[in-house]
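Topology and contacts: notes
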Amino acid sequence: MSEDSSFAVLLASSVHDIKNSLAMLLDTLDSVVQTTPITNDQQRHQFATLRGEAARINNSLMYLLGLYRMQKNQLPLQIQEVYVADFLEEQIAANDLLFSIRELQVTSTCDQELTGYFDPTLVGGVINNVLVNAARYAKKNIELSATRSAENELVIEVRDDGRGFPAKMIESAENQHRGIDFISGSTNLGLYFAGEVAHMHRRGEQHGSIALSNLETGGGGCFHLRLP
Amino acid sequence: MQKIDVLKIYQRKHALIIDDFPDMRGSIRRMLVNFGISKIETASNGEEAITQCENNNFDIILCDYNLGDAKNGQQILEELRFRKLLKQTTGYMMITAETTKSMVFGALEYQPDDYLTKPFTQTVLQKRLDRLMLEKETLSDINQAVDDCDYDHAIALCDEHIAAKDRYEQKCYRIKARCFFLKHMFPKARTIYEQVLDERPLEWAQIGLGQCLMEMGELNEAERLFQQLVDQNCLCLEVYDYLAEVKSRIGDIVSAQQLLEYASEISPNAILRQQKLADLSEHTGDWERAEKAHRKVMKLGANSCYESPDNYFNLVRCISSQVRMSEKKDNKRVKDAEEVLDRARRRYRDDPAVRLQTDILNAGVYADAGQPEESRKRIEALAPKLTANSASANPAPEVTLELARCYQAMGDKEQAQALLRELAELYPDDENIGKEIDRLSDEPLSKKGKEEAVELNRRGKELLSNQEYPQAISLFSEALRHYPNNIAVKLNLLLALIREMDRNGSDEKQLTRAEQIIHSIDTLQEDHPLHDRFHTLWEYVEQLREQFTEEDDE
């Protein structure tokens, strides 16, 4: 076995162990939250931190393995027909406890019959990460929407009513494919992963892309994903 | 879907949870109970899972992909499908720890219905299961028809969904095309795949189209398509098998072997691929590789649905052939072969025919090791069991075939041919026995083999005189897979390769192939009618090799 492939096996089996622990942790945490009524803000904050950070660990693991495979050119895209409304609902459901602890209203606007062609596992990872982040900053509402643009692209957007993205982050989302800036730290790793996943989706010469923007009315940030 | 409907559906369902962690099993079980399922079984490994499936008809199977050191979830799924323990109406959901779907699967039809990544919440599992159950309910009549092999009915039902343009429209196109394929209506299946591909490059349609092209003999198109899938890192390893098949059919055995080697490295446990690899490697004279593959087949076959005495015998024959060809008759290799034979004896101690075959094969090994006297002594000792050395007295044709092999090894060609001829007369209509006879014989003896040889000769001559050399290479390569000992076919293939290289310049792969053929018959006796022709071709290939090496050096 080559060094690379034995490292891949090691990495995959470690991730497997961590994910098993994480699954048990989340399962137990969820039943604790459900059987312990929240009585004060401090407790609410603690629960939100526990649930939110566990979700972040999970997402970080995903980038780690995903980016490793991307570099090795071993991350095949599994394109399939996806019913987008179902897909979005599932992403919300994955974090419903986090939303309910933080008392956030999460709504999704999407035609029930809208279909898209993409890798639901990879894109699901991207949207999940955006939602966990939004849950951290949103005040009351998170809105998801999906439409088909005039250029026949599938456009998925996630809006929150928080204080919006810092300018530097918006800029780094624009500068896709300049490679990853390790010096600036890992805070943008999720963004980089999202950009890569979007770019992997293509139809003819057209590639997918991501963008960040701030909403004019009352601040808040918006994440845009376009898939050809 | 209405909540109440779902509850009713779930109440009737029987579920199986496969996971090696007791905590995970408990956690998933609690979730399923909350959905209203009451009949739930669990298994912690593949063996338990398969036993469960032998005894129950499950509606839902939730299986963790990584089950420790034992069989993984994909292998369980493949075994269940292969052994027809899993119906189309059952929903199989694979639970994976990796967010990326990097696990490979053998064939398109061995894909699970859905993947779910860990960790997941109860709500997510419910949404996924709801969708899967609704799909299985809606398409149950179609799946039932497919399970019953009533493809016409399945197609008619698919057409209803397609006309309604409902959410299962695409799924129904996929099932419909597959049904046409299974009915051998390849042009119809092809049309559907092409229509789908006009819209989107979906993998299942690409693979389906490639299979149709192969069946319809459009090998170049099929090769292009499968190559494209391989270049895309397709996770479905079947694609490598198809590309290898296409390559070997157009005569590029060397590439075919490389492809199978690669796929075997990724998924070393696919026994059918190992068998094919062993076959092709013997064909190209790569005995070391062949032996490795045979050993793997023997190991994987044990206690599985692929268990067969041939798994042991083929390995012994492979070792024995190596001994025959090597200058120094290494006694250790004889021991290696006998060790495998002992295993077969233990495994089949209650089957006298297999035991007899084992003993004959054992005698043959000594002939290959340059000790024909020992061989003859052993065959004589077996005489009472063989009654007489004649096919008519032997109930098992395998025993006679083995005896013919042994006589060939001892250099007693006439005795071998006599046995084969007798066997061909005894089983004129058994195609499998006919094939084996023709494999051993240096000229076809079976009824079908004789007819095919005449046709092969006619077409081959036609292709050569029309200067259609690639087609001729393809034709003779294919023929050689059925008649590996047929010297006339080998010489014709050699001629076609030479003509092609004369026209288009030498090529490493084709030169290697030509040299392999020469090596396989370089002991041809001087009194053989084809001896002179063979040596002319041999010298020509040597010249081509010299020129090629010089060009390379420049």
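Every value quoted in this text rests on a predicted model; they were computed, and no experiment measured them.

Turning to the interface of chain B and chain A, a few remarks are in order. Facing 28 residues of chain B, the contacting portion of chain A comprises 33 residues. Where the side of chain B that touches chain A is concerned, the elements lending two or more residues are α2 (22–35), β5 (114–117) and α5 (122–138) of chain B. With four residues, the top contributor of residues to the side of chain B that touches chain A is α5 of chain B.

The assigned domain composition of chain B is domain 1 (3–138), domain 2 (139–236) and domain 3 (450–553). Put simply, the middle of domain 2 of chain B and the middle of domain 3 of chain B, counted by C-alpha atoms, are 39 Å apart.

Residue and element names in this part refer to chain B. Read across the sheet, five strands follow the order β2-β1-β3-β4-β5 without closing on themselves; strand pairing throughout is parallel. Strand pairing shows two members of the sheet lacking a second neighbour, β2 (39–43) and β5, which therefore form its edges. When strand polarity is set aside, the average angle formed by the axes of neighbouring strands in this sheet is 20 degrees. Direction of pairing for strand β4 (residues 91–96) relative to β5: parallel, over a ladder of four bridges. For Thr96, the partnering residue across the bridge sits in β5 and is Thr117. Strands β1 (14–18), β3 (60–64) and β4 of the sheet are contacted by helix α4 (residues 73–82), whose axis makes an angle of about 145 degrees with β3.

Bringing the nonpolar core into the picture now. Counting residues in hydrophobic clusters, the biggest one holds 87 residues, and the most contacted among them are Ala154, Val239, Val316, Cys406 and Leu420 of chain B. In this structure, Phe47 and Leu122 of chain A together with Ile9 and Tyr10 of chain B belong to the second largest nonpolar core, which totals 82 residues.

This paragraph deals with the packing of helix α18 (residues 352–368) of chain B against helix α19 (residues 372–386) of chain B. All names here are of chain B. The contact between α18 and α19 brings their axes to 7 Å, and the two run at 160 degrees. Taken as axis vectors, α18 and α19 run roughly antiparallel relative to one another. Crossing of α18 against α19: the hand is left-handed. For the pair α18 and α19, contact is made by Leu356, Asp359, Ile360, Asn362, Ala363, Gly364, Tyr366 and Ala367 and by Pro372, Glu374, Ser375, Arg378, Ile379, Leu382 and Lys385, respectively.

Between its first and last C-alpha atoms helix α5 (residues 120–137) of chain A spans 26 Å; for 18 residues at 1.5 Å apiece the expected length is 26 Å, and the two agree. Summarising burial for α5 of chain A: 16 of the 18 residues are buried, a large majority.

Side-chain positions along a regular strand alternate between the two faces of the sheet. Residue and element names in this part refer to chain B. The pairing of β1 with β2 spans five bridges and is classified as parallel. Directly across from Ala15, in β2, lies its bridge partner Ile40. Note that the unit made of β1, α2 and β2 has a crossover that is right-handed.

We now examine the pairing of β4 of chain B. All names here are of chain B. Most of β4 sits out of view: five of its six residues are buried. In this structure, β3 lies alongside β4, joined through five bridges in parallel fashion. Opposite Cys63, over in β4, you have Met94 as the bridge partner. You can see the chain leave β3, run along α4 and come back into β4, and the turn it takes is right-handed.

Attention shifts here to the sheet that holds strand β5 (residues 154–160) of chain A. All names here are of chain A. Pairing is mixed in the open sheet, where five strands are placed in the order β2-β4-β5-β9-β8. Lying at the two open borders of the sheet, with one neighbouring strand each, are β2 (105–109) and β8 (209–214). Neighbour-to-neighbour, the strand axes of this sheet turn through a mean angle of 15 degrees, independent of strand direction. Pairing of β8 with strand β9 (residues 221–227), which is carried by six bridges, proceeds in the antiparallel orientation. When the sheet's bridge partners are listed, Leu212 is paired in β9 with Phe223. Docked against the sheet, helix α3 (residues 84–94) engages β2, β4 (141–148) and β5, running at close to 170 degrees with respect to β2. Sheet strands touched by helix α7 (residues 189–200): β8 and β9. Its angle to β8, the strand with the most contacts, is close to 135 degrees.

Criteria and thresholds
Residues numbered from 1 in each chain as written. Chains lettered and ligands numbered in written order. Predicted model: local features only at pLDDT ≥ 70, side-chain atom pairs only at ≥ 80, totals over all residues. Contact = placed C-beta atoms within 7 Å. Helix = DSSP H or I, 4+ residues; strand = E, 2+ residues; numbered from the N terminus. Domains from an automatic or database assignment. Pairing = 2+ DSSP bridges. Axes fitted to C-alpha atoms, helices over the stretch in contact; angles between N-to-C directions. Core = buried A, V, L, I, M, F, W, Y, C linked by C-beta atoms within 7 Å. Buried ≥ 20, exposed ≤ 12 C-beta atoms within 10 Å, placed from the backbone. Parallel < 35°, antiparallel > 145°, perpendicular 65-115°, else oblique. Left-handed = near helix turned anticlockwise from the far one by under 90°. Expected span 1.5 Å × (residues − 1). Right-handed = clockwise from strand over helix to strand, strands pointing away.

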